[in-house]
Every structure is written in C-alpha cells, then in structure tokens.
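Listed below, chain by chain, are the residues.
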Amino acid sequence: MDGNFHHRHRQSASTSPPFYDLAYFLPKHQVDAIGTHIEKQRKTPPKAHKALVPDEAIDSCESSYEATDGKKQKASMDSFDDTGVMALICCHDIPLFFANIDSPGEQQKYAMVLLAHLFTLLPSQATVVSLYDVGCVLDRSISLVSVLEVF
C-alpha cells in the first residue's frame, strides 16, 4: 500500500453525475472514524509490547520519510478537496481498495482503514503480510486490533 499525490480533485470541479458504483473507494466517514480512534488512542498511555525493531532505527526511519510528516503538504489544500489517493494493492498488482487523502501528509488513518477493511472481508485465521514504505512507524504507533474495534 502507498499514497499517490498525483491524483487530486479540484474543489472547483465540483462533483460529476454518478455513473459508476464507488465500490473500491472507502467512504470518508469510515476513514474519519479510524482517524478519530487513532487520536483517542494517542491520548492513552502506550501499551507495553516487545518491538522487533529498536526505537532508534524507527525514529531514524520516521524522520527520513516525507510521508510521515503530517505538517508537510504535497499539494495545496486551498484548491483541492482530495489531495491524493491511498491504495491497497495485492501481490499481483491488482488494486483492492482506495481511500481519498483529504488532509496534509500521508496520515496513518489511510493505511489503517485500508487494512481494517480488508480484515473485515477475510476469515479470522487469515494471515496477511503488508508492505508499506513507513510500515515500521505504523507498526510502532498503533495496534491493528484496536482499530478493528471501530468496525
């Protein structure tokens, strides 16, 4: 999964008449619900867990990626209502689901909502491997189990 900031939607373009079902785009309210849950979890004391990667390595990784910087905008929020698209793609390069990026940076809520939605469609014993350029930061900061509670 990854975000792409080349696919944007201008506010001035308004909306077009619906001519297809948005089955592959997750609704904004679903993305926002995960974002609200993540913010709530950040306000609680962190749960102890054994990290596979040392904190120093993750801190270094986090500071080297623009995607982790929520303050850095890749597109002007003034003229676009959607500044990019986050996609979850299978190992055969087939897109599974998308989420419109409508806030600065590639926030964790986009990756988490895509994964959480995928898990709602899989058997509970399924094993999933996810590749993401800032996955180490994502792994350290939020538990997918807690995000699945939102669904």
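The structure under discussion appears in the preceding block.
Residues numbered from 1 in each chain as written. Predicted model: local features only at pLDDT ≥ 70, side-chain atom pairs only at ≥ 80, totals over all residues. Heavy atoms only, no water.

A. Just the environment of leucine 96, in detail. Within the element layout of this structure, leucine 96 appears in strand β5 (residues 95-101). Classification of leucine 96 by relative accessible area gives partly exposed; the value is 27%. (Helix = DSSP H or I, 4+ residues; strand = E, 2+ residues; numbered from the N terminus. Buried < 20%, exposed > 50% of the residue type's maximum accessible area, 1.4 Å probe, protein only.)

B. Expanded view of the pairing of β5. Strand direction decides the pairing type here: strand β4 (residues 84-89) and β5, joined by six bridges, are antiparallel. For leucine 88, the partnering residue across the bridge sits in β5 and is phenylalanine 97. (Pairing = 2+ DSSP bridges.)

C. Layout of the packing of helix α1 (residues 28-42) against helix α3 (residues 108-120). Two numbers describe how α1 lies on α3: the axes approach to 9 Å, and their chain directions differ by 115°. With respect to α3, the axis of α1 lies roughly perpendicular. With respect to the hand of their crossing, α1 and α3 are arranged in right-handed fashion. Contact residues: α1 offers Gln30, Val31, Asp32, Ile34, Gly35, Ile38 and Arg42, while α3 offers Gln108, Lys109, Tyr110, Met112, Val113 and His117. For the contact of α1 with α3, the residue count by class is six nonpolar, four polar and three charged. (Axes fitted to C-alpha atoms, helices over the stretch in contact; angles between N-to-C directions. Parallel < 35°, antiparallel > 145°, perpendicular 65-115°, else oblique. Left-handed = near helix turned anticlockwise from the far one by under 90°. Contact = heavy atoms within 4.5 Å. Nonpolar A, V, L, I, M, F, W, Y, C, P; charged D, E, K, R; others polar.)

D. Focus on the nonpolar core. Ranked by size, the top nonpolar core spans 20 residues in total, and within it Met1, Met86, Leu88, Val113, Leu114 and Tyr132 carry the most contacts. Where this core is concerned, the elements lending two or more residues are α1, β4, β5 and α3. The element that contributes the greatest number of residues to this core is α3, accounting for seven residues. If near-sequence neighbours (up to four positions away) are discounted, leucine 88 is found in contact with Met1, Ile94, Pro95, Leu96, Phe97, Leu114, Leu115 and Leu118. (Core = buried A, V, L, I, M, F, W, Y, C linked by side-chain atoms within 4.5 Å.)

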